[in-house]
Amino acid sequence: MAMANLTEMLDPAQLAVPLDKAFAIAAALGIAVVLALAVHRVAFVLLRRASTHGPAKYGQPIFDAVRGPSRWLAVAIAISAVAERVPAIRPAWDALSDFIAPVIFGWLALAFVQGASLAHERRMETRLDPIHMRSRKTRIEIFRRTASSLIIVITIALVLLSIPGVRQVGVTLMASAGLAALAIGAAAQPALKSLIAGIQMALTEPIRIGDMVKVDGEVGRVEEIRMTFVVVRIWDERVLVVPTGKFFEESFENWSRSADRLTGIVMLNLDPIADVEPIRQAFLGFLAEHALWDERDAAALVVDAHPESIALRLSMTAASIGDLWTLRCEVREYMLQWLRENQPVALIRHRLEVEAANERGG
């Protein structure tokens, strides 16, 4: 009926009004819109000044986000006020408002959610350490995407319900709700599974934005967490897109779950005749002068021995995972050079002893 009423109201025959009355209506609409925009501008100027200091300063992202949709809301309110007093435009405005109101309120709600999430994130940056900030940012991002998706779906549904044909289709579907529920449930199972996994991700936090993870043999930083997938940036700038449910169904490694610090190792396979103590001292001396070593731990231990070789494990720590990678590479390079220059016999060589042949030759 709303579409039919709108068509009738827009019929030129129905809109025929005296010229002087048309000018009066246009003037009233113009004055009302200008006043609404002026009030809106003054209100946001006052809000901006209030947000420059005190607790309200964290609300600045919200004010910036809702400025656009609230301006259109003010215009809509002004036109509604004029339509209440001018019967000539009331029917047309009533028909249009069925479509405009859901769009404006949906836009306003979406902007508020985005602004509130950004404001809360900025507030937490000044109060939390980086680890807890990553945790809070992950929750904010997931709940923001969930709320935004719900707002968009509800807004589209309200707009479509204003169309008589779509409303009639909805009534028809309700009559066969049993079959429709089965079909929709079967079709939406992957989407619902991803939605539940995304909510579970926000509550349990197996990963957070900024975590270093190892998935499918690849190591990278979590860049983005969506409801259906997670974006992991690998060191060589490739992007690994992992389904959200994979982090609950399969095992993975999180290298920065509690802190962005790890203990790294460098394995040296040496000849059994190697003198371990000088090698240990060379390793510790190199670490003591290296800027990336955070002095938490350092050790050189023989962790395995075979007839042909021994395994010397050099362990070290650094302040971050990136620094640890660089430190391990430089330690490995230095130790190989030190062994070549100071203890070449420690490097493994393949030997073939034929004692019986030597005796016969003698």
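Here the structure is a predicted model, which is why all the values come from computation and not from measurement.

Student: Where do I start with the layout of surface pockets in this structure?
Tutor: With a probe scaled to a water molecule rolled over the atoms, the places where space remains empty come into view. Of the voids in this model, the largest pocket is the one considered here, and its volume is about 420 Å³. What lines the largest pocket is a set of 17 residues, among which M212, V219, W255, I321 and W325 lie closest to the centre. When contributions to the lining of the largest pocket are tallied by element, the ones reaching two or more residues are β2 (218–225), β3 (229–234), β6 (263–270) and α12 (321–342). A breakdown of the residues in the lining of the largest pocket according to their chemical character gives 10 nonpolar, 4 polar and 3 charged.

Student: Would you explain the packing of helix α4 (residues 60–85) against helix α5 (residues 90–125) in this entry?
Tutor: Packed helices, taken two at a time, are described by the angle their axes make and the gap between the axes. Direction vectors running N to C along α4 and α5 enclose 160 degrees, while the axes themselves pass 8 Å from each other. Relative to α5, the element α4 is oriented roughly antiparallel. Regarding α4 and α5, the two cross each other, and that crossing is left-handed. Here the contact of α4 with α5 is built from residues that sort into 20 nonpolar, 4 polar and 4 charged.

Student: Which parts of the structure should I look at to understand unusual backbone geometry?
Tutor: Excluding glycine, most residues fall at negative phi; most peptide bonds, likewise, are trans. Of note, D216 is a non-glycine position whose phi angle comes to about 55 degrees, a positive value. Within the element layout of this structure, D216 appears in the loop between β1 (212–215) and β2. Here E295, not a glycine, exhibits a phi torsion of approximately 70 degrees, which is positive. Relative to the helices and strands, E295 resides in strand β7 (residues 293–305). When its relative accessible area of 61% is taken as the criterion, E295 is described as exposed.

Student: Whenever I open this one, the packing of helix α11 (residues 276–288) against α12 confuses me. Can you help?
Tutor: It is at 11 Å that the axes of α11 and α12 come closest, and there the two elements cross at 140 degrees. Here α11 lies oblique to α12, going by the angle between them. Here α11 and α12 pass one another in a crossing that is right-handed. Within the contact between the two elements, α11 uses P278, I279, A282, F283, F286 and L287 and α12 uses L327, E330, V331, Y334, M335, W338 and L339. A breakdown of the residues in the contact of α11 with α12 according to their chemical character gives 12 nonpolar, no polar and 1 charged.

Student: Whenever I open this one, the environment of S315 confuses me. Can you help?
Tutor: As for its position among the elements, S315 is in strand β8 (residues 310–318). Residue S315 is classed as buried on the basis of its relative accessible area of 7%. Separated by 49 residues in the primary sequence, S315 and V266 have C-alpha atoms spaced 6.5 Å apart. Ignoring any residue separated from it by four or fewer positions in sequence, one finds S315 in contact with T263, G264, I265, F283, D297, A298 and A299.

Student: Sorry, what's going on with the pattern of salt bridges here?
Tutor: Note that side chains of opposite charge can pair when their charged atoms are close. Inspection of the entire model under this criterion finds 8 salt bridges. In this structure, the salt-bridge partner of E218 is R238, at a minimum N-O distance of 3.3 Å. Highlighted residues: E218 in strand β2 and R238 in the loop between β3 and β4 (239–243), separated in sequence by 20 residues. Residue classification places E218 among the partly exposed positions, given a relative accessible area of 25%. Its salt-bridge partner being E223, residue R233 comes within 3.1 Å of it at the nearest N-O pair. Of the two residues, R233 sits in strand β3 while E223 sits in strand β2, which places them 10 residues apart along the sequence. It is possible to trace a salt-bridge network through shared partners that takes in D216, K246 and E250.

Student: Explanation requested: α12 in the structure shown.
Tutor: An α-helical turn contains 3.6 residues, so a residue and the one three or four places further along point in the same direction. Over its 22 residues, α12 runs 31 Å from end to end, which matches the ideal 32 Å to within 8%, given 1.5 Å per residue. All of the buried residues in α12 are I321, L324, L327, V331, M335, W338 and L339. All buried residues of α12 project into a common sector of 100 degrees when viewed along the axis, lining one side. Exposed positions of α12 whose direction lies more than 90 degrees from the buried face are W325, E333, R340 and E341. On its buried face, α12 sits against β1, β2, β6, α11, β7 and β8.

Student: Looking at this model, I keep getting lost on the nonpolar core. Mind explaining?
Tutor: Nonpolar side chains tend toward joint burial in soluble globular proteins. L314, M316 and V331 are the most contacted members of the largest nonpolar core, which has 24 residues in total. Looking at this core, the elements that each hand over two or more residues are β6, α11, β7, β8 and α12. Residues in contact with L314, not counting those within four places in the same chain, are G264, I265, V266, L268, F283, A299, A300, V331 and M335. Within the second largest apolar cluster, 15 residues are counted, among which are I142, M201, V222 and V230.

Student: Looking at this structure, how should I read the sheet that holds β2?
Tutor: Note: strands within a sheet are paired through backbone hydrogen bonds, in either parallel or antiparallel orientation. Strand order across the open sheet formed by 5 strands is β4-β3-β2-β1-β5, with antiparallel pairing between neighbours. Among the strands making up the open sheet, the edge pair consists of β4 and β5 (253–254). Of the pairings in the sheet, the one linking β3 to β4 comprises 5 bridges and is antiparallel in character. Bridging from a neighbouring strand, R233 pairs with V239 of β4.

Student: Just to check I follow, could you spell out the confidence of the model for the protein chain for this structure?
Tutor: Low-confidence regions, as indicated by low pLDDT, have predicted coordinates that should not be scrutinised in detail. Here the protein chain averages 77 in pLDDT, and 75% of its residues register 70 or above. Here residues 9–15 is a poorly scored stretch, pLDDT under 50, and it has 6 contacts once near neighbours within four places are set aside; other chains count. Confidence over residues 173–177 falls short of pLDDT 50; this stretch has 0 contacts with residues more than four positions distant or in other chains.

The rules we used
Residues numbered from 1 in each chain as written. Predicted model: local features only at pLDDT ≥ 70, side-chain atom pairs only at ≥ 80, totals over all residues. Heavy atoms only, no water. 1 Å grid on protein atoms, 1.4 Å probe; cavity = no way out; pocket = protein on both sides within 12 Å on 5 of 7 lines; lining within 4 Å. Points joined across faces, edges and corners; volume = space filled by probe spheres on them. Helix = DSSP H or I, 4+ residues; strand = E, 2+ residues; numbered from the N terminus. Nonpolar A, V, L, I, M, F, W, Y, C, P; charged D, E, K, R; others polar. Axes fitted to C-alpha atoms, helices over the stretch in contact; angles between N-to-C directions. Parallel < 35°, antiparallel > 145°, perpendicular 65-115°, else oblique. Left-handed = near helix turned anticlockwise from the far one by under 90°. Buried < 20%, exposed > 50% of the residue type's maximum accessible area, 1.4 Å probe, protein only. Contact = heavy atoms within 4.5 Å. Salt bridge = Lys/Arg side-chain N within 4 Å of Asp/Glu carboxyl O. Expected span 1.5 Å × (residues − 1). Arc of directions from axis to C-beta. Core = buried A, V, L, I, M, F, W, Y, C linked by side-chain atoms within 4.5 Å. Pairing = 2+ DSSP bridges. pLDDT = per-residue confidence, 0-100.

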